[in-house]
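# Topology and contacts: notes
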Amino acid sequence: ISGGTASQKIWTMLEKTGWISFGSDVTAPALYAVLDPYQPQSRALWAKLIPLAELNKIRLYVIPVATTKADTVPTIIRLLGDADRAADWRKLIVGESLPPSSAPANPQGALDLKNNVDLMQTLRLRAVPVLLYQRHNTGLVRLVTGMPKDWNGFETELMGQSAGTP
């Protein structure tokens, strides 16, 4: 994705999605990851990304979607409507179920999932996982589908240097 205007529009769209944040260093590069917690490739990518966020090398914004099974849509809506999205995401991404809830559904969860699906449709994303980030020192948005083939090159492009993760 090239062009400052196109990159700015995409970045604005990303900021309006229903995301879950990991990593607390506001100066670290931001990385948006469109992931389905029930999909093996999303789980594998999550396992590579979360250490970078926990070390505050990146700010990871997970954009949850339901692409593998239609019956998971209510779970994603509930996740996005929960007060502690991060803890619930950590359960789902490793294959655990969310505990039953007696609270009424939060309508924000449905709106957030709609925004996430709209993003996928607007960008014509047909599969997950997808990574979106601004290239180090350029501001141009880069879109990567699937696991980056050159992990060190990906880290360098995102952060300006490799974090040295496996």
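Presented here is a report on the structure given in the accompanying data block. As the structure is a prediction and not an experimental result, all values here were calculated from the model. (Residues numbered from 1 in each chain as written. Predicted model: local features only at pLDDT ≥ 70, side-chain atom pairs only at ≥ 80, totals over all residues. Heavy atoms only, no water.)

## Some thoughts on the packing of helix 3 (residues 73-81) against helix 4 (residues 85-93)
- Relative to each other, helix 3 and helix 4 sit at 150 degrees, their axes nearing to 8 Å. On the basis of their axis angle, the class for helix 3 and helix 4 is roughly antiparallel. Counted together, Thr-75, Leu-79 and Leu-80 of helix 3 and Arg-85, Asp-88, Trp-89 and Leu-92 of helix 4 form the full contact between these two elements.
- Looking at the contact of helix 3 with helix 4 residue by residue, the classes come out as 4 nonpolar, 1 polar and 2 charged. (Axes fitted to C-alpha atoms, helices over the stretch in contact; angles between N-to-C directions. Helix = DSSP H or I, 4+ residues; strand = E, 2+ residues; numbered from the N terminus. Parallel < 35°, antiparallel > 145°, perpendicular 65-115°, else oblique. Contact = heavy atoms within 4.5 Å. Nonpolar A, V, L, I, M, F, W, Y, C, P; charged D, E, K, R; others polar.)

## Quick word on the environment of Pro-104
- Note that Pro-104 resides in the loop between helix 4 and helix 5 (107-122).
- The exposure class assigned to Pro-104 is exposed, which follows from its relative accessible area of 72%.
- Separated by 55 residues in sequence, Pro-104 and Leu-49 place their C-alpha atoms 32 Å apart. (Buried < 20%, exposed > 50% of the residue type's maximum accessible area, 1.4 Å probe, protein only.)

## Here's the deal with the environment of Val-144
- Along the chain, Val-144 turns up in strand 5 (residues 141-145).
- For Val-144, the residues in contact, after removing those within four places along its chain, are Pro-129, Val-130, Leu-131 and Tyr-133.

## Concerning the environment of Asp-112
- Checked against the element boundaries, Asp-112 lands in helix 5.
- Once the C-alpha coordinates of Asp-112 and Gly-81 are considered, the two residues, 31 residues apart in sequence, prove to be 8.2 Å apart.
- If we ignore the near neighbours within four places in the chain, the residues touching Asp-112 are Gly-18, Leu-80 and Arg-85.
- Engagement of the side chain of Asp-112 in a polar contact is seen with the side chain of Gln-108, the distance being 2.8 Å. (Polar contact = N/O pair within 3.5 Å; in protein donor to acceptor, adjacent residues only side chain to side chain.)

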